[in-house]
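Understanding the architecture of this molecule
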Amino acid sequence: EFRRLVDVWAASQPAFHRGPDKYGESVRIAIEEGRLADARAALPVPLLPGTACDEAHAIGTLAKQLALAGLDRDVETARTVWAAICADAPLPDGWGVPTLVADAVASALAAGLAPDEVRAVFDGRLLDGHPSAIRIRTMSEGFVLVAEHRFDEAVVALHRALETAVRDVTRPVQGLME
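Residues numbered from 1 in each chain as written. Predicted model: local features only at pLDDT ≥ 70, side-chain atom pairs only at ≥ 80, totals over all residues. Heavy atoms only, no water.

Regarding the overall build of the protein chain
Per the secondary structure count, the protein chain includes ten helices and zero strands. In the protein chain, the succession of helices and strands from N to C terminus is α-α-α-α-α-α-α-α-α-α. The burial tally for the protein chain puts 44% of its 178 residues in the buried class. Summed over all atoms, the accessible surface of the protein chain reaches about 9,400 Å², with 59% contributed by carbon and sulfur. (Helix = DSSP H or I, 4+ residues; strand = E, 2+ residues; numbered from the N terminus. Buried < 20%, exposed > 50% of the residue type's maximum accessible area, 1.4 Å probe, protein only. Areas by Shrake-Rupley, 256 points an atom, 1.4 Å probe, with all protein chains shown as cover.)

Digging into the pattern of salt bridges
Within this structure, the stated rule accounts for twelve salt bridges. The residue Arg 35 makes a salt bridge to Asp 38 at a minimum N-O spacing of 2.3 Å. Residue Arg 35 is classed as partly exposed on the basis of its relative accessible area of 22%. Taking relative accessible area as the criterion, Asp 38 reaches 26% and is therefore assigned partly exposed. With a closest N to O distance of 2.8 Å, Arg 150 and Glu 148 form a salt bridge. Note on Arg 150: relative accessible area 33%, which makes it partly exposed. Given the relative accessible area of 21%, Glu 148 is considered partly exposed. Taken together, the shared-partner salt bridges connect Arg 119, Arg 137, Glu 141, Glu 148, Arg 150 and Glu 153 into one network. (Salt bridge = Lys/Arg side-chain N within 4 Å of Asp/Glu carboxyl O.)

Things to note about helix 5 (residues 75-87)
The first and last C-alpha atoms of helix 5 sit 18 Å apart over 13 residues, in line with the 18 Å expected at 1.5 Å per residue. Restricting attention to buried positions, one finds in helix 5 the residues Ala 78, Val 81, Trp 82, Ala 84, Ile 85 and Cys 86. (Expected span 1.5 Å × (residues − 1).)

A few points about the packing of helix 5 against helix 6 (residues 97-111)
One can describe the packing of helix 5 onto helix 6 by two numbers: an axis separation of 8 Å at closest approach and a directional angle of 145 degrees. Handedness of the crossing formed by helix 5 with helix 6: left-handed. Seen from helix 5, the contacting residues are Val 75, Ala 78 and Trp 82; seen from helix 6, they are Ala 104, Val 105, Ala 108 and Ala 111. Among the residues making up the contact of helix 5 with helix 6, the classes are represented as seven nonpolar, no polar and no charged. (Axes fitted to C-alpha atoms, helices over the stretch in contact; angles between N-to-C directions. Left-handed = near helix turned anticlockwise from the far one by under 90°. Contact = heavy atoms within 4.5 Å. Nonpolar A, V, L, I, M, F, W, Y, C, P; charged D, E, K, R; others polar.)

Given below as structure tokens:
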């Protein structure tokens, strides 16, 4: 049923576009449902560091690789993918960027990256001049504070993020905050 629904969705999409694709949606849904083998099978060949992250498809694929690394607690893969995400061009402006970055931060931390490594995303080129940089930091900061065992500050940060989460991030990321 899952594959049929994704096929129906994909059939309604233009042949070429810069947004989600059939494989990306298959991976996302499989991860949410805990079907990691299906997610790995649907994931395109791993992208290498240096991939142009200003393309929505490439950054989405990297984020999904990072999500799988987080679920597997695979720190080495997470570090490689995180470096590829952080080292490239600034992210494009789009409604899904706060979700993408907040989810990537949570996945990187779940994989075992040190909070300082993850926090570097806020100081790098990735969010340079991004119109949503402050919102993205607000959505992500609580996860880093939890990883640093600064729980009192994390509660405050997560409550602040939840005030606008319904408009800023997708429901699965909002669920992580809750």
